[in-house]
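Residue-level structure breakdown
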Amino acid sequence: MDERTETLKKWISESDNIVFFGGAGVSTESGIPDFRSVDGLYNQKWKYPPETILSASFFRRDPEEYYRFHREKLVIDGVKPNRAHLALARLEQEGKLRAVLTQNIDGLHQAAGSKNVLELHGSILRAYCAKCRKPYPAELMNHGKGVPRCGCGGVIRPDIVLYEEPLDQDVLTSAINYIRNAEILIVGGTSLNVYPAAGLINYYRGNKLVLINLSETPYDSYADLVIHEKIGEVFSRI
Ligand code: OAD
């Protein structure tokens, strides 16, 4: 095993206060494309850029087109948790990992068995009416046709944070607390480009900040350990 993975393994074995903060790169090994890699979502041809389609004003203006994108690009059937999700769930069961903070909306951490998952950007596995806020099963939204509507006439929407919308304040506060009090913060599979989520790292006060990401991130120089490899592979060696 290489020296960096050895170090990570040692740190993990000695701690019962690890927090994980991740993004789309955690799910690529499950077959879900990330946003910003060369073959990621943002580099595919679409009538509008994904940041536009995934914005609150676009959703209100053109829910039809939003749902075309949603069902074709965000909903991927048959995906399963990969080695990274499973390893994190195991660390939680062993009493070592306190929380998973994720920017992902795919529910794969919970599918792997993680219990304490803070979904900073919500989940496509939940839906509610944009007008009366009545909750709906996600099935109709993810696999139905056209724009799903509530009995009140409102449009049913995914319980995700669209661009132009604020993050849930309770989730954000709780995420900050976990990071502030963490002994080890492992950040993985995120380009750390989207705020306020990316700025969460600044709350970490310890000396074991680990970054596991295929490409470089703006935070590489602040980290105590940087591993530029696939996160599932790294965790399979831990
Ligand atoms: P990005 O697509 O911006 O970044 C994913 C990062 O993961 C990239 O830097 C890749 O190099 C890396 N990566 C890909 N596969 C990997 C693997 N197997 N192991 C390790 N690293 C890997 O995704 P996020 O940072 O999650 O927001 O993007 C943040 C937000 O931007 C998303 O939550 C979404 C998007 O717009 C909203 O929809 C609000």
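We now examine the overall build of the protein chain. In terms of helices and strands, the protein chain carries 9 helices and 9 strands. A globule of 238 residues ought to have a C-alpha radius of gyration of about 18 Å, and the protein chain, at 18 Å, matches this closely. On the principal axes, the C-alpha backbone points of the protein chain span a range of 55 × 35 × 30 Å. When contacts within the protein chain are restricted to residue pairs at least 6 apart in sequence, long-range pairs at least 24 apart make up 64% of them. When the accessible surface of the protein chain is split by element, carbon and sulfur atoms take 49% of a total near 11600 Å². In the protein chain, 29 positive and 30 negative side-chain charges are present, and the distance between their average locations comes to 5 Å.

The next point concerns helix 8 (residues 169–181). Helix length check: helix 8, at 13 residues, gives a terminal C-alpha distance of 18 Å against a target of 18 Å (1.5 Å per residue), a fit within 8%. For helix 8, every residue scored as buried is listed here: L172, A175, I176 and I179. Down the axis, helix 8 shows its buried residues gathered within 100° of arc, on one side only. Those residues of helix 8 hidden inside the fold are in contact with strand 1 (18–22), strand 2 (97–102), strand 3 (117–119) and strand 7 (184–188). By the N-cap criterion, in which a side-chain oxygen at the helix start approaches the backbone nitrogen of a residue two or three places on, helix 8 is capped by D168, the distance to D170 being 2.9 Å.

The subject of this paragraph is the site of the ligand. Taken together, 24 residues sit near the ligand, with F35, R36, Y42, Y163 and S191 positioned nearest. E29 places a side-chain nitrogen or oxygen 2.7 Å from a nitrogen atom of the ligand. The separation between a nitrogen atom of the ligand and a polar main-chain atom of I231 is 2.9 Å. For the ligand, whose free accessible area comes to 800 Å², the fraction covered by protein is 95%.

Summarising the element assignment, Q103 is placed in the loop between strand 2 and helix 6 (108–112). Separated by 91 residues in the primary sequence, Q103 and V194 place their C-alpha atoms 9.5 Å from one another. Apart from the residues within four sequence positions on either side, Q103 is in contact with F21, G22, G23, L120, H121, T190, V194 and A197. Engagement of the side chain of Q103 in a polar contact is seen with the side chain of T190, the distance being 3.0 Å.

Turning our attention to the sheet that holds strand 6 (residues 156–160). Reading across from one edge, 5-4-6 is the order of the 3 strands in this open sheet, with antiparallel pairing throughout. For this open sheet the edge positions go to strand 5 (135–137) and strand 6, each flanked by a neighbour on one side alone. In this sheet, neighbouring strand axes are inclined to one another by 45° on average, regardless of whether the strands run parallel or antiparallel. Pairing analysis gives 3 bridges linking strand 4 (residues 122–129) to strand 5, with the strands arranged antiparallel.

What follows concerns the packing of aromatic side chains. Considering all chains together, one arrives at 7 aromatic pairs under this definition. Ring centres of Y48 and F58 lie 5.0 Å apart, and the angle between their planes is 65°; on these two criteria the pair is classed as edge-to-face. Placement of the pair is Y48 in the loop between strand 1 and helix 2 (50–53) and F58 in helix 3 (residues 56–61), with a sequence separation of 10 residues. By relative accessible area, F58 is classed as buried at 1%. Three or more aromatic residues joined by ring pairs make a cluster, and in this case those are F59, Y66 and Y67. Directly above the ring of W11 sits K208, whose terminal nitrogen or CZ lies 5.8 Å from the centroid.

Criteria and thresholds
- Residues numbered from 1 in each chain as written.
- Predicted model: local features only at pLDDT ≥ 70, side-chain atom pairs only at ≥ 80, totals over all residues.
- Heavy atoms only, no water.
- Helix = DSSP H or I, 4+ residues; strand = E, 2+ residues; numbered from the N terminus.
- Rg over C-alpha atoms; globule rule 2.2 N^0.38 Å.
- Contact = heavy atoms within 4.5 Å.
- Areas by Shrake-Rupley, 256 points an atom, 1.4 Å probe, with all protein chains shown as cover.
- Lys, Arg positive; Asp, Glu negative; His and termini not counted.
- Charge placed at Lys NZ, Arg CZ, Asp CG, Glu CD.
- Expected span 1.5 Å × (residues − 1).
- Buried < 20%, exposed > 50% of the residue type's maximum accessible area, 1.4 Å probe, protein only.
- Arc of directions from axis to C-beta.
- Polar contact = N/O pair within 3.5 Å; in protein donor to acceptor, adjacent residues only side chain to side chain.
- Near = heavy atom within 4 Å.
- Pairing = 2+ DSSP bridges.
- Axes fitted to C-alpha atoms, helices over the stretch in contact; angles between N-to-C directions.
- Phe/Tyr/Trp six-rings, centres within 6.5 Å; stacked < 30°, edge-to-face > 60°.
- Lys NZ or Arg CZ within 6 Å of the ring centre and 35° of its normal.

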